[in-house]
Structures are given as C-alpha cells and as structure tokens.
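Reading the structure
Chain by chain, the residues run as shown.
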Amino acid sequence: MSKENEDLYVGIDLGTSRSSISTSDGQRHMVESYVGWPVDMVARKVLKAPVLVGRDALEKRAMLDLYRPLERGLLKEGSEKGQQAVRELLSYLMQQANVDGIRATGRKVRAVVGVPAEALRVNRDHLRAAMQGFVDSLMIVSEPFAVAYGLEALLHAMVVDVGAGTTDLCVMNGRYPTEDDQRTLPNAGDWVDEQLAGLLAERHPEIKVSIHTVREWKEKYSFIGEPRKPIKITVPVGGKPTKIDITRELRAACEALVPPVAETMLDLVAGVEAEFQERVRHNIILAGGSSVIPGFGEQLKTAMADYGGGDVQVVQDPVFSGSDGGLALAIDAPASDWEMLTV
Amino acid sequence: MTRDTRMRQEMLRGAFEENLDAIQGLPRGTWRRRQLRRLALRRRMLTVAALLVLATVSVAAWIGAGPGQAATRQAEAVAGGAPDWSVGRTIDTSEEPVGDEPGGGVPVEPARQARRIAEMLAVQQPREALQGVIPLAVDRVVVDAGHGGRDSGTALGYGLREKDLTLDIALRLGTMLEAAGYDVIQTRTSDLSVSLKERAEMANNARADVFVSIHVNWLPRREARGVETYYLGHTDDPFLRSLAATENRDSGFSMADYRHLLEGIYADVRQDQSRRLAESVQQSLFESLRTQNPQIENRGVMTAPFAVLVATRMPAILAEVACLSNDREARLLAISTYRQRIAEALLHGLSRYQQEETDTSRPAAAQHPETTRIPPGRHTP
C-alpha cells in the first residue's frame with residue numbers, strides 16, 4: 001500500500017489548560033484550551049473573526065465571551081455554547097494538522113483522544129458526538145493511561161498527571177487499568193490558582209486582578225521548596241503601579257498541592273501486591289502541565305521517605321506526552337478494531 | 001512474543017473493549033466484569049488442575065504402598081532405590097486391581113511397581129499426569145471447517161463466502177486449542193473440497209474425543225440473526241430437514257452406508273455427551289458474541305441428522321456461528337476481531353464441557369429429558 005493511501009493516526013490530548021495533537025505524519029501542535037466569541041458587533045468588527053481559539057482568545061478576552069471547554073476536567077454539557085466550544089477547539093487542532101485535507105484524499109483518520117479521567121467517566125458520549133465529522137474512528141482513553149502507554153511504563157509504574165482541572169493518578173500493573181487502579185483529585189493547577197488568589201486577597205485586599213492574571217503569575221513563577229530569590233510583581237493599586245512580594249503566598253499555594261497528591265499516591269501504592277510496591281514507588285512518573293513546577297518531584301520523593309522511599313521522574317515533554325501516547329495507541333491498535341470504532 | 005508485546009496487546013484490547021461497551025450502550029464496567037470473570041475462570045482452572053495433580057500424586061503413592069508407608073515408598077521409588085521387598089506385600093483381594101496387575105493374592109514385583117510409580121511421578125505437566133490416572137473427557141479435537149473447494153456454502157454478493165469464514169474461524173480455534181494443550185486435527189487447512197464422509201473418517205480414524213463442525217447460517221428471514229448449535233437427533237421441523245439435506249449434499253455416503261450408520265444411533269450414549277457439548281458451546285457463543293452484537297438471538301440447541309454428526313463416533317456438534325443472510329452479522333463477520341471472538345467462544349465452550357465431563361460426580365447427567373429445542377431463555381445468564 002502506498003504512503004498516500006495509508007490511514008492517518010492521530011493522538012489528541014484534550015486538556016483543561018492545553019490541548020495538543022500528534023500525528024503519524026510527524027506533526028505536533030498545541031493550543032491553549034480557550035475558545036471565545038466576540039461579545040457584540042463592535043468586538044466582532046475589531047477582532048475580524050467569528051471565533052477565537054487558544055492564546056489569541058485569552059489575550060483578547062476583554063472582547064470575548066470566553067470558554068474553557070474542559071473546566072475542572074469535565075466537558076460542559078447542557079449549554080449550547082459549551083458544546084460548541086469543544087467542537088471549535090477540536091476543529092482548530094484538526095486544522096493545524098490538516099486533517100480535513102487528508103480526509104479529502106480518501107485516507108481514513110483514526111484518533112485516540114486522551115481526556116481527564118473524570119471526563120472519561122462522565123462525558124464519553126458527548127465527546128464522541130463532538131468528534132463526529134473530524135475523524136473516521138475514535139478511541140477515548142484516560143490521560144494518564146495514554147501517557148503511560150507512550151512512555152512504555154506498563155508494569156509496576158504509576159503516572160501522576162497533574163493537569164489544570166484535575167490530578168489523575170493511575171497505577172500500571174501490566175493490564176488495562178480498571179477504576180480501582182485510578183484516582184482523580186480536584187487539587188490541580190486551577191485549584192492552586194484559586195489558593196493563590198485567596199491568599200493574595202487576604203494579604204493585599206487592595207489588589208484587584210482576574211484569575212487569568214493570577215494563573216499567569218503562577219505559570220511564570222511557581223515553585224515548591226526554598227525560593228531562589230524573592231518574587232515581586234507589579235500590579236496597579238489605586239491606579240498606581242505597585243511592586244509587591246508574592247513569594248510566601250506562591251509557595252504556600254503550590255505546596256498545598258503536595259499533601260493530597262502524595263497521600264493518594266501512597267494509597268494507590270498500598271493497593272498494589274506487597275512484593276511489587278517498592279518497584280512502583282521507585283517508578284513514579286510526573287506528567288501534565290503542573291508537573292513542571294520546580295521542586296514538585298523532589299517534594300513528592302520526600303513525602304515517600306517515611307514509607308520506604310521512592311523515585312519521581314518528571315516527563316521531558318509534558319505538553320505532548322499525552323498526545324504522543326495517544327498516537328502510540330492509535331498506531332498499535334489493530335485495523336480490525338478501528339473498523340468497529342467508527343464515529 | 002515478548003511479555004511487553006503481550007502486555008501492550010492486552011491493554012489495547014482493554015481500551016478497545018471499553019470503548020466498544022460505550023458505543024453499544026452497555027453499562028460502564030461491563031468490560032471490567034468480563035475481565036474479572038476471565039480472571040476468576042483462570043484461577044478456578046488452576047485450582048482444579050492443582051487439586052487433580054495432588055490427587056494424582058496421592059493415588060500414585062497409594063498404589064505403591066499401604067497407608068502409612070506411602071511417603072517412604074514414594075521417595076524410594078523416585079530415587080530408583082530397591083527397598084527390601086522380601087517380606088512380599090500381598091495385595092488384598094478386596095482391593096481394586098490396578099492396570100495390568102493381577103487382581104488377588106499375588107505378590108507385587110518390587111522393581112516393576114517402583115518403575116511404574118516413578119513413571120507416574122516423573123510427569124512434568126498436569127495434563128500429562130491426568131492422562132495417566134484420571135480419564136480426560138477431551139484430548140483430541142477435530143475441528144471441521146464447513147464446506148470448501150467447489151462447495152462455497154452460503155455467500156454474499158460482495159465476496160463473503162461461508163467456506164472462507166469457516167476456515168478462518170477453524171484455524172483460529174485450532175491454534176488456540178493447541179496452545180491450550182489439545183491435540184487438534186483440522187479436516188481442511190486450505191480451500192479444499194473434502195467430502196463429509198472423508199471428514200467423518202478423519203475423525204474416526206484419529207479416535208478423536210470431540211468433533212466440532214463450524215458453519216455459517218443463511219436464514220430465509222433476512223432480519224433473523226444469531227447462533228444455533230446442533231447435535232445428532234431426529235427432527236420433524238421441515239426447515240431443519242431441508243437444511244440437513246442441503247448440508248449433506250455431496251456427502252460421499254451411499255444409501256447402504258446411511259442405513260448402516262443410522263442403525264441404533266439415537267440410542268447411542270454419545271448423544272447425551274453431544275447434547276451437553278452443544279449446550280456448552282451454544283451458551284458460550286451467545287454470551288460472548290452479544291457483547292459485540294447486542295441484537296444477537298440465542299436460537300438454541302437443536303437436533304438434526306447432519307451427515308457429519310451421523311457418521312462420527314464421538315460426541316459431535318455442528319455450530320452455526322452467525323447468519324450471513326443478516327446484513328449486520330455479515331458486516332461483523334467481515335471483521336477479524338469478531339471471527340476471533342467466535343473462535344474464543346468455541347474454545348470456551350469446549351473447555352467448559354471438558355471441565356464438566358472430567359467432574360466425575362455427574363449423577364444427574366443421564367436424567368435430562370429428550371429435548372429437540374432448548375428455549376433461548378434457558379441460556380440467558
């Protein structure tokens with residue numbers, strides 16, 4: 001069969017904060033998971049587009065009705081705009097990878113979409129419906145499973161996928177993970193943002209900033225452990241640009257993530273057969289956007305010290321580890337399976 | 001295949017099945033329950049095997065020595081040593097004769113006895129151990145791919161032919177049976193014409209324990225779909241008579257052969273075993289396939305005088321594993337995973353039959369009423 005006639009395999013990581021696509025013809029694209037529609041005619045005239053997606057939408061949010069399709073790790077069902085936002089986001093990713101053009105040549109597109117575990121439980125049908133028209137066949141899997149598959153961490157390993165909406169943990173026992181092998185926590189990137197906003201509001205009630213600005217500070221300066229230098233930001237206070245130190249608040253907000261994650265990790269390890277627990281503890285993979293917080297992995301290691309110790313590796317490419325894993329799954333799945341998973 | 005590859009395949013299968021459950025609107029966790037059932041079955045089989053091996057060893061020890069002496073004699077026999085038999089243990093006449101040993105009052109020859117025990121204990125595989133001591137219900141299986149060569153069986157305009165489908169499923173089943181330790185004989189392994197007489201002779205000459213013929217159905221009512229399994233028996237159903245006549249065409253048997261074959265067959269004890277085999281296979285086919293084919297009908301276990309069932313001398317069944325006349329089932333049959341699922345269901349049905357037959361405590365086995373059709377509800381779990 002010639003290359004032109006081969007199916008195109010696609011891995012998609014549909015995340016709360018960022019979504020990415022990896023394709024079997026070597027493309028990789030990422031978009032921030034924001035979709036916005038101009039709020040009125042004036043905004044539409046200024047923006048010159050009926051809809052904006054990604055960073056563009058975030059930056060022009062003042063003129064937009066802004067949506068995050070996977071807020072808190074769940075697809076928003078029920079609202080027409082919420083459902084449309086998912087399709088716009090997917091459409092944007094597909095355009096980036098020229099999937100429509102490929103389908104027009106008669107090639108079939110087989111996609112594996114990784115979603116937060118909670119969305120997998122609640123929104124699977126909705127997601128299938130949203131993917132209609134974009135791909136020929138679709139398999140939906142949980143994000144940490146896709147990451148584990150892509151990294152070949154299939155046996156005696158644990159993936160801790162710290163996203164924006166949820167933290168998903170999945171222990172890999174050499175078989176397809178069941179619900180008992182997985183946990184979902186609401187403590188993730190967005191939760192840290194809320195903690196930080198709350199702490200800042202307590203200490204500096206005069207500061208009036210949106211959660212988006214707080215999120216940007218966190219993404220730029222976040223850390224766990226001892227600070228290397230004080231973190232000072234400039235914000236308008238009473239109309240006057242003022243420098244304030246947020247080191248203490250930022251540290252407290254980020255470190256608040258460690259106890260629930262460490263506790264859940266140890267709880268999952270306790271469910272593994274006794275003779276393999278040590279191997280799992282020493283094979284923990286930290287993935288997801290929030291895994292890049294400096295010092296996070298080290299702090300989780302410290303938390304395991306009292307339980308026999310362990311090792312935590314941070315994935316090298318947290319943006320694409322999910323979509324690359326999805327792509328690996330898509331390529332490995334037998335053609336006959338794909339025939340039965342048509343959208 | 002490496003362990004890593006196997007794990008990957010298992011995981012892909014899990015992801016696939018979970019997605020399929022969702023598409024088919026099955027409750028969440030159907031796949032998981034299926035996985036747990038699979039694990040439980042595996043555990044049960046291992047437990048049974050372990051218990052039987054234990055029983056084998058105990059029987060061997062008991063043969064070699066009286067109570068209390070078993071352990072010593074066993075060790076001596078395995079070590080190949082020559083214990084002092086000068087006192088000459090005499091087998092009590094009330095004891096059951098074993099193998100070709102004389103039954104009463106004859107001193108057992110020590111070296112011979114030791115050799116025999118050593119042979120019994122030297123077995124490596126549980127299955128081999130069982131063959132020596134406990135009769136197995138199924139050891140050699142004849143897998144018969146229906147039709148072939150000039151005879152295409154039923155066919156669809158766009159290229160799906162019964163002879164190709166049955167061969168594919170038969171080869172898949174054969175591979176899995178061999179992997180499970182069965183001795184497998186295929187009546188054909190390529191697109192060959194093999195008469196029904198030759199198929200039956202192959203099975204009889206091989207002294208097979210079980211004969212499984214695989215067919216694909218064609219029903220006049222196009223919306224009808226499902227699985228049905230036949231064993232040998234009389235039928236008054238005009239459709240089944242016509243179906244049997246069609247399947248028996250070009251059988252290679254003369255009228256004289258038929259008269260000879262038909263003498264007394266309905267009183268044959270193997271009919272009971274065939275019925276149990278048919279029930280097990282039918283149940284397995286229905287339960288397994290309905291996960292991928294929720295509209296599948298359990299068309300039941302039936303009796304009919306198909307030539308291959310008449311002429312074979314072992315428990316024999318003919319399974320109609322799908323209906324090519326139904327568009328949906330035809331599409332499913334075109335997919336290799338569905339054919340693999342059929343083969344797995346046949347394997348599971350055979351294994352369950354084997355398990356039930358090896359269970360020696362089946363006092364109610366012969367008490368089933370004569371049945372020509374088992375209502376579908378009976379097989380519904």
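Residues numbered from 1 in each chain as written. Chains lettered and ligands numbered in written order. Predicted model: local features only at pLDDT ≥ 70, side-chain atom pairs only at ≥ 80, totals over all residues.

Considerations on the overall build of chain A
Helix and strand counts for chain A stand at 15 helices and 15 strands. Evaluated residue by residue, chain A yields a buried proportion of 48% over its 343 residues. Across chain A, the fraction of contacts at a sequence separation of at least 24, relative to all contacts at a separation of at least 6, is 70%. (Helix = DSSP H or I, 4+ residues; strand = E, 2+ residues; numbered from the N terminus. Buried ≥ 20, exposed ≤ 12 C-beta atoms within 10 Å, placed from the backbone. Contact = placed C-beta atoms within 7 Å.)

Observations regarding the nonpolar core
Among the nonpolar cores identified, the biggest contains 100 residues, and Val 10, Ala 148, Met 158, Val 160 and Ile 285 of chain A are the most heavily contacted of them. By residue number, the principal contributor to this core is helix α3 (residues 80-96) of chain A, which donates seven residues. For Val 160 of chain A, the contacting residues outside a window of four places in its chain are Thr 167, Leu 169, Val 261, Met 265, Ile 284, Ile 285, Leu 286 and Ala 287 of chain A. By size, the runner-up hydrophobic cluster in this structure holds 61 residues, among which are Leu 173, Leu 232, Phe 306 and Ala 311 of chain B. (Core = buried A, V, L, I, M, F, W, Y, C linked by C-beta atoms within 7 Å.)

Some words on the pairing of strand β13 (residues 240-245) of chain A
Residues and elements named next belong to chain A. Little of β13 sits inside the fold, with zero of its six residues counted as buried. Note: strand β12 (residues 232-237) against β13, six bridges, orientation antiparallel. Along β13, the bridge assignment pairs Thr 234 with Lys 243. Between β12 and β13, which pair antiparallel and follow one another directly, the connecting turn spans two residues, one of which, Gly 238, has a positive phi of 60°. (Pairing = 2+ DSSP bridges.)

A word on the interface of chain A and chain B
Facing 19 residues of chain A, the contacting portion of chain B comprises 15 residues. Elements represented by at least two residues in the side of chain A that touches chain B include exactly β8 (137-142), α14 (321-332) and α15 (335-340) of chain A. Element by element, the count of residues in the side of chain A that touches chain B is highest for α15 of chain A, at four residues.

A few points about unusual backbone geometry
Of note in this structure, His 156 of chain A is not a glycine but carries a positive phi near 50°. Summarising the element assignment, His 156 of chain A is placed in strand β9 (residues 155-162). Using a count of 20 C-beta atoms within 10 Å as the deciding quantity, one classes His 156 of chain A as buried. Its identity is not glycine, yet Arg 207 of chain B carries a phi of approximately 50°, on the positive side. Examined against the element boundaries, Arg 207 of chain B turns out to sit in the loop between α7 (196-205) and β3 (210-217).

Points about helix α10 (residues 270-289) of chain B
Relative to the 28 Å expected for 20 residues at 1.5 Å per residue, α10 of chain B spans 28 Å between its end C-alpha atoms, a close match to the ideal helical length. Judged by how many residues are buried, α10 of chain B sits mostly within the fold: 16 of 20 residues are covered. (Expected span 1.5 Å × (residues − 1).)

With respect to the sheet that holds strand β10 (residues 167-173) of chain A
Residue and element names in this part refer to chain A. Read across the open sheet, the five strands follow the order β11-β10-β9-β14-β15; overall the sheet is mixed. At either end of the open sheet lies a strand with only one pairing partner, and these are β11 (182-185) and β15 (312-314). Direction aside, the axes of adjacent strands within the sheet are offset by 20° on average. Pairing of β9 with strand β14 (residues 284-287) involves four bridges; the strand directions are parallel. Bridge pairing links Met 158 to Ile 284 in β14. Of the strands in this sheet, β14 and β15 are in contact with helix α13 (residues 296-304), which crosses β15 at around 170°. (Axes fitted to C-alpha atoms, helices over the stretch in contact; angles between N-to-C directions.)

Structural notes on the pairing of strand β7 (residues 109-115) of chain A
Residue and element names in this part refer to chain A. Among the seven residues that make up β7, seven are buried, leaving the element largely enclosed by the rest of the structure. Here β7 shows a buried face lined by Val 109, Ala 111, Val 113 and Val 115 and a second buried face lined by Arg 110, Val 112 and Gly 114. Note that strand β1 (residues 8-14) and β7 share six bridges and pair parallel. Paired with Tyr 9 across the strands is Arg 110, a residue of β7. Examined bridge by bridge, β7 and β8 share six bridges and lie parallel to one another.

Digging into the sheet that holds strand β5 (residues 52-53) of chain A
Residue and element names in this part refer to chain A. Spatially, the three strands line up as an open sheet ordered β5-β4-β6, and their pairing is antiparallel. Edge strands, defined here as strands with exactly one partner in the open sheet, are β5 and β6 (64-67). Both strand β4 (residues 35-38) and β5 contribute to a ladder of two bridges, which runs antiparallel. Of the residues in β5, the one forming a bridge with Gly 36 is Leu 52.

Digging into the confidence of the model for chain B
Residue and element names in this part refer to chain B. Of all residues in chain B, 61% attain a pLDDT of 70 or more, and the chain-wide mean is 72. Here helix α5 (residues 126-133) is the element of chain B with the lowest mean pLDDT, 37, and β3 is the one with the highest, 96. Confidence over residues 67-136 falls short of pLDDT 50; this stretch has 67 contacts with residues more than four positions distant or in other chains. Here residues 360-381 is modelled with pLDDT under 50, and outside its nearest four sequence neighbours on either side it reaches 21 contacts, counting other chains as well. For this predicted complex, the interface score ipTM comes out at 0.86, while the overall pTM is 0.54. (pLDDT = per-residue confidence, 0-100.)

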